[in-house]
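Chains, contacts and geometry: an overview
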Amino acid sequence: MRPVKRETQNMAKLGILILGQTPRNDMEELFRTYIPNAELLQAGGLDGLTNQEINALVTQDPEYPLFVILADGSTREIAMAKLIPLLEKQTKALAAAGAEVIVLMCAGKFPLLDSPLPVIYPWRVVPAVVEGISANQRIAIVTPNAGQLEPALTNWRQRGFTVHGAYAAPIDETALTVAAEHLRQPGLDLVVLDCMGFAPAAVTSFRQVFDVPVICPRRLVARVTAEMLGC
């Protein structure tokens, strides 16, 4: 777990729970933009593990593979079921460090974690907001890999949306452009970059193709968290 330097004695403390490894300076900068007066505590599910231990978690064709970024910038796809106990361990570490609430940095439909603190789940926040602003419930989504696409489409359809989907690695600009072109069609209310791995800059790739709003869950959840903390 990596604390960010405290500036005052009475700051709110926010736990940022990363799927992969910390530090994630991009996540810190994002939350600092919207919550400048909070102490940020980062913890990653794969913190403290060697590359050999991490590679042992990678299986061929995992069920619900999650896109994770390691401290060296490399990426892996690890089954959600294997990450959950590691993340639950880190919720306890964040609680011990004094965090008041935790944000899970994943937009996938997670089961509720065994956590001593309240957890903000993007898969609850993002669809609720999209439902409120989508006039006709016609949307397009982008997931970070092929394995997450069908479960994500199912989740959105169960909420009453007509949804089209594509996938692209969040750090692959070419793949993002291809996905945007694939999803180009009339009548969409908006596009959701359905992964916390998509940086706000990825919105630019889609706005060059679409003239509808493009929702970045990472940014949206940071704003909601700021409201929760009263910042």
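Conventions used here
Residues numbered from 1 in each chain as written. Predicted model: local features only at pLDDT ≥ 70, side-chain atom pairs only at ≥ 80, totals over all residues. Heavy atoms only, no water. Helix = DSSP H or I, 4+ residues; strand = E, 2+ residues; numbered from the N terminus. Polar contact = N/O pair within 3.5 Å; in protein donor to acceptor, adjacent residues only side chain to side chain. pLDDT = per-residue confidence, 0-100. Contact = heavy atoms within 4.5 Å. Phe/Tyr/Trp six-rings, centres within 6.5 Å; stacked < 30°, edge-to-face > 60°. Buried < 20%, exposed > 50% of the residue type's maximum accessible area, 1.4 Å probe, protein only. Arc of directions from axis to C-beta. Core = buried A, V, L, I, M, F, W, Y, C linked by side-chain atoms within 4.5 Å. Pairing = 2+ DSSP bridges. Axes fitted to C-alpha atoms, helices over the stretch in contact; angles between N-to-C directions. Salt bridge = Lys/Arg side-chain N within 4 Å of Asp/Glu carboxyl O. Parallel < 35°, antiparallel > 145°, perpendicular 65-115°, else oblique. Left-handed = near helix turned anticlockwise from the far one by under 90°. Nonpolar A, V, L, I, M, F, W, Y, C, P; charged D, E, K, R; others polar.

1. Digging into the side chain of glutamine 42
Residue position: glutamine 42 is located in strand E3 (residues 38-44). Polar side-chain contacts of glutamine 42 include one of 2.8 Å to the backbone nitrogen of arginine 24.

2. Brief notes about the confidence of the model for the protein
The predicted structure's coordinates, where accompanied by low pLDDT, should not be read in detail. Across the protein, pLDDT averages 91, with 95% of residues at or above 70. Across residues 4-9, where pLDDT falls below 50, the model places 7 contacts with residues more than four positions away in sequence or in other chains.

3. Quick look at the packing of aromatic side chains
Scanning all chains against the criterion turns up 2 aromatic pairs. Centroid distance phenylalanine 206 to phenylalanine 210: 6.3 Å. Interplanar angle 10 degrees. Geometry classified as stacked. Judged by relative accessible area, which is 0%, phenylalanine 206 ranks as buried. With relative accessibility at 7%, the residue phenylalanine 210 sits in the buried group.

4. Section: helix H6 (residues 173-183)
Three or more residues of H6 are buried, namely Leu176, Ala179, Ala180 and Leu183. For H6, the arc enclosing every buried residue in end-on projection is 100 degrees, short of the 170-degree limit, so these residues lie on one face. Relative to its buried face, H6 has exposed residues pointing more than 90 degrees away, namely Thr174, Val178 and His182. The elements touched by buried residues of H6 are strand E8 (138-143), strand E9 (162-167) and helix H7 (202-207).

5. Considering the nonpolar core
Note that soluble globular proteins tend to have their nonpolar side chains buried in a common cluster. Ranked by internal contacts, the top residues of the largest apolar core, which has 35 residues, are Leu14, Phe31, Ile139, Trp156 and Val192. If we ignore the near neighbours within four places in the chain, the residues touching leucine 14 are Phe31, Ile35, Glu39, Leu40, Leu41, Ala99, Val101, Val103, Thr225 and Leu229. Ile78, Ile84, Phe110 and Tyr121 belong to the second-largest nonpolar core, a separate cluster that totals 27 residues.

6. Describing the sheet that holds strand E10 (residues 190-193)
Pairing within the open sheet is parallel, and its 4 strands lie in the order E9-E8-E10-E11. Looking at the sheet topology across the chains shown, the edges are occupied by E9 and strand E11 (214-215). When E10 meets E11, the two strands line up parallel, connected through 2 bridges. Following the sheet pairing, valine 192 is matched in E11 by isoleucine 215. Sitting on the sheet, H6 is in contact with E8 and E9, with an inclination near 150 degrees to E9.

7. Some points on the pairing of strand E4 (residues 65-69)
Moving residue by residue along a regular strand, the side chains alternate between the two faces of the sheet. In terms of burial, E4 is a largely internal element, 5 of the 5 residues being buried. Going residue by residue along E4, you find Pro65, Phe67 and Ile69 tucked away on one face and Leu66 and Val68 tucked away on the opposite face as well. Sheet topology note: the E4/strand E5 (residues 75-79) ladder contains 5 bridges and is antiparallel. Of the residues in E5, the one forming a bridge with isoleucine 69 is threonine 75.

8. What about the pattern of salt bridges?
According to the stated counting rule, one finds 4 salt bridges in the structure shown. For arginine 159, the salt bridge identified is with glutamate 131, shortest N-O distance 3.7 Å. Of the two residues, arginine 159 is situated in the loop between helix H5 (146-158) and E9 and glutamate 131 in helix H4 (residues 122-133); the sequence distance between them amounts to 28 residues. With a relative accessible area of 34%, arginine 159 lands in the partly exposed category. Relative accessible area serves as the criterion here: at 38%, glutamate 131 is assigned to the partly exposed category. A single salt-bridge network, built from bridges that share partners, covers Arg24, Asp26 and Arg218.

9. Brief notes about the packing of helix H1 (residues 25-34) against helix H8 (residues 217-228)
H8 packs onto H1 with a crossing angle of 45 degrees between their chain directions and a minimal axis gap of 9 Å. One finds that H1 runs oblique with respect to H8. H8 is crossed by H1, and the crossing has right-handed handedness. Each of Asp26, Met27, Leu30, Phe31 and Tyr34 in H1 lies in contact with H8, whose residues at this interface are Arg218, Arg219, Ala222, Arg223, Thr225 and Ala226. Of the residues in the contact of H1 with H8, the class split is 6 nonpolar, 1 polar and 4 charged.

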